[in-house]
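Topology and contacts: notes
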Amino acid sequence: MNARDDLIIDPELLRRFDRPGPRYTSYPTADRFVEAFGPDAYRIALDNRAVGGISRPLSLYVHLPFCNTICYYCACNKIITKDHGRSAKYIKYLGKEMGLVTDVIGRGIRLEQLHFGGGTPTFLTRGELAELVRLIASHFSLSPEGEYSIEVDPRSTDPETVRELASLGFNRVSVGIQDFDADVQKAVNRIQPFEQTEAVIRTARESGFKSVNADLIYGLPKQNLASFATTLNKLLLLSPDRIALYNYAHLPTVFKPQRRIDEAALPSAETRLDILMQAIRMLTLAGYVYIGMDHFAKPGDELAQAQRRGHLHRNFQGYSTRAECDLVAVGISAISSLPTAYCQNLKTLDEYYDALDHGTLPVMRGLELSADDLVRRAVIQALMCHFQLSIKSIEIAYLVDFKRYFAEELAQLREYREMGLVTLDDDWITVTPRGRLMVRVVCMVFDRYLRLAEQRARYSKVI
């Protein structure tokens, strides 16, 4: 489905549905995980990956939490330090965790995807990055056709580091930008000249990277319509293959660094909405396809191709081209996604190291998925990734009478049909071009946990 030609921006609907809601990088969402799910449950879930003796393809996520400086807006699990003794120790413990995982699933399983996230993965020295890749290769087999991606901060990534990443096998890079405006950068403690970002992207292309992603955030202090238009025009000069346009969620009671942000400098809800609508218009006019949520891609990019072919997937790293892959995640706070369970690691270094020193998988919490979770996950995945759902396919795959099983949900969707968000017929549920920016709202209809809990305040807003 090509969303670029059809996407309709309806300001009245955007204002009406500007309320907290999940991003659905998983269903059930991570706030539903329970601490009763521990190392033994994770071990069983890993062991159950193989169905009939055949294992699904594998993705590996590595969380690297270290940063040189703090960005005030950041909600990631990070550690601010300049001590590389800490990162060198952490790499050794990542090796221990990978060893425990491969003791269960088998050593040498082929990786189709690898992603380094953070924190700031390029905090690691070139030698540390090489050592980590060597450790991964000693536990897994790296597919020659695999997707190997890394998040980079241009402030800590010189051209030689980019070339080193290419030599290590990385072929996709995600570049943190957020905003090019000097006043905004100062307000969030991230001074990053345009020239630094340009050098990283230019070197990545010269070094053979297949895809360059750029991350922006709207809703930051000091932003306005004119300044963000300037940022977008500068970004378009760089011509990234993919663009992620995230909404800043100001939650200073939850994320301490955000307390350093001057709330009076934040754009109003109306301005934030205007910035979003302007950004969508500028990006789509420039030829980018609206993938969904906050992602855009060039028509020829594999993300857009996966959506057209029905292969797009959504996981804890956002949209992915490999729907068939299980996700194993290592490092503090990292979340794994397996066919029948989710699992999240311990969040602090001390707890993480202690568990591994005792030969225990460093699990903090997780969730074993029920039959109801599985069918609802399939429904939400289809809507989030493709804006449409085949009722018959759900009935065949999950042995349910869809209209009876989801009678309450269909009643609510009929209200949304009257608003122009969806169309309904005997065989399909389709999110309309007018409703695509509110796809989270449509998915929330199928979220049984939200029906059981009225409190949604911990989520970022839908728009």
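A brief report on the enclosed structure follows. (Residues numbered from 1 in each chain as written. Predicted model: local features only at pLDDT ≥ 70, side-chain atom pairs only at ≥ 80, totals over all residues. Heavy atoms only, no water.)

**Focus on the overall build of the chain**
Looking only at helices and strands, one finds 18 helices and 19 strands in the chain. In terms of overall dimensions, the chain is globule-like: its C-alpha atoms have a radius of gyration of 22 Å, near the 23 Å expected for 463 residues. Taken along the three principal axes of its C-alpha coordinates, the chain extends 60 × 55 × 40 Å. When burial is assessed residue by residue, the chain has 58% of its 463 residues classed as buried. Long-range pairs, those at least 24 residues apart, make up 74% of the contacts in the chain with a sequence separation of at least 6. Of the charged side chains in the chain, 57 are positive and 57 negative, and the gap between their average positions amounts to 1 Å. (Helix = DSSP H or I, 4+ residues; strand = E, 2+ residues; numbered from the N terminus. Rg over C-alpha atoms; globule rule 2.2 N^0.38 Å. Buried < 20%, exposed > 50% of the residue type's maximum accessible area, 1.4 Å probe, protein only. Contact = heavy atoms within 4.5 Å. Lys, Arg positive; Asp, Glu negative; His and termini not counted. Charge placed at Lys NZ, Arg CZ, Asp CG, Glu CD.)

**Quick look at the pairing of strand β6 (residues 172–178)**
If a strand is regular, its side chains alternate between the two faces of the sheet. Burial analysis of β6 places 7 of its 7 residues in the buried class, the great majority of the element. The two faces of β6 match: Arg172, Ser174, Gly176 and Gln178 on one face and Val173, Val175 and Ile177 on the other face are all buried. Where strand β5 (residues 140–152) lies against β6, 4 bridges are found, and the strand directions are parallel. From the neighbouring strand, Ser149 faces β6, where its bridge partner is Arg172. Direction of pairing for β6 relative to strand β7 (residues 211–218): parallel, over a ladder of 6 bridges. Looking at β7, one finds that Val175 is bridged to Ala214. (Pairing = 2+ DSSP bridges.)

**Notes on the packing of aromatic side chains**
Any aromatic ring pair is given by two values, namely how distant the centres are and how the planes are angled relative to each other. If you walk through the whole model with that rule in mind, you get 16 aromatic pairs. Here the aromatic rings of Phe180 and Phe194 are separated by 5.2 Å at their centres, their planes lie at 70°, and the arrangement is edge-to-face. In this pair, Phe180 sits in the loop between β6 and α7 (182–187) while Phe194 sits in helix α8 (residues 194–206), placing the two residues 14 residues apart along the sequence. Given the relative accessible area of 8%, Phe180 is considered buried. Ring centres of Tyr290 and Phe387 lie 6.3 Å apart, and the angle between their planes is 20°; on these two criteria the pair is classed as stacked. In this pair, Tyr290 sits in strand β9 (residues 289–292) while Phe387 sits in the loop between α13 (371–386) and β17 (388–390), placing the two residues 97 residues apart along the sequence. Phe387 shares its class with Tyr290; the two are buried. Every member of this aromatic cluster is reached through a ring pair, and the members are Phe66, Tyr90, Tyr93, Phe123, Tyr352 and Tyr353. The ring of Tyr319 carries the charged tip of Arg314 above its face, separated from the ring centre by 4.6 Å. (Phe/Tyr/Trp six-rings, centres within 6.5 Å; stacked < 30°, edge-to-face > 60°. Lys NZ or Arg CZ within 6 Å of the ring centre and 35° of its normal.)

**A look at the environment of Leu64**
Mapped onto the elements, Leu64 comes out in strand β1 (residues 58–64). Between the C-alpha atom of Leu64 and that of Val330, which follows or precedes it by 266 residues, the distance is 9.2 Å. The contacts of Leu64, once residues within four sequence positions are left out, are Tyr90, Leu94, Phe116, Gly117, Gly118, Gly119, Thr120, Pro121, Leu124 and Leu132.

**A word on the packing of helix α9 (residues 225–238) against helix α10 (residues 269–285)**
At a minimum axis distance of 10 Å, the contact between α9 and α10 shows a crossing angle of 25°. What the angle tells us is that α9 and α10 run roughly parallel. As for how α9 packs across α10, the hand of that crossing is right-handed. The segment α9 lies against α10, with Leu225, Phe228, Ala229, Leu232, Asn233 and Leu236 engaging Asp274, Ile275, Gln278, Ala279, Met282 and Leu283. (Axes fitted to C-alpha atoms, helices over the stretch in contact; angles between N-to-C directions. Parallel < 35°, antiparallel > 145°, perpendicular 65-115°, else oblique. Left-handed = near helix turned anticlockwise from the far one by under 90°.)

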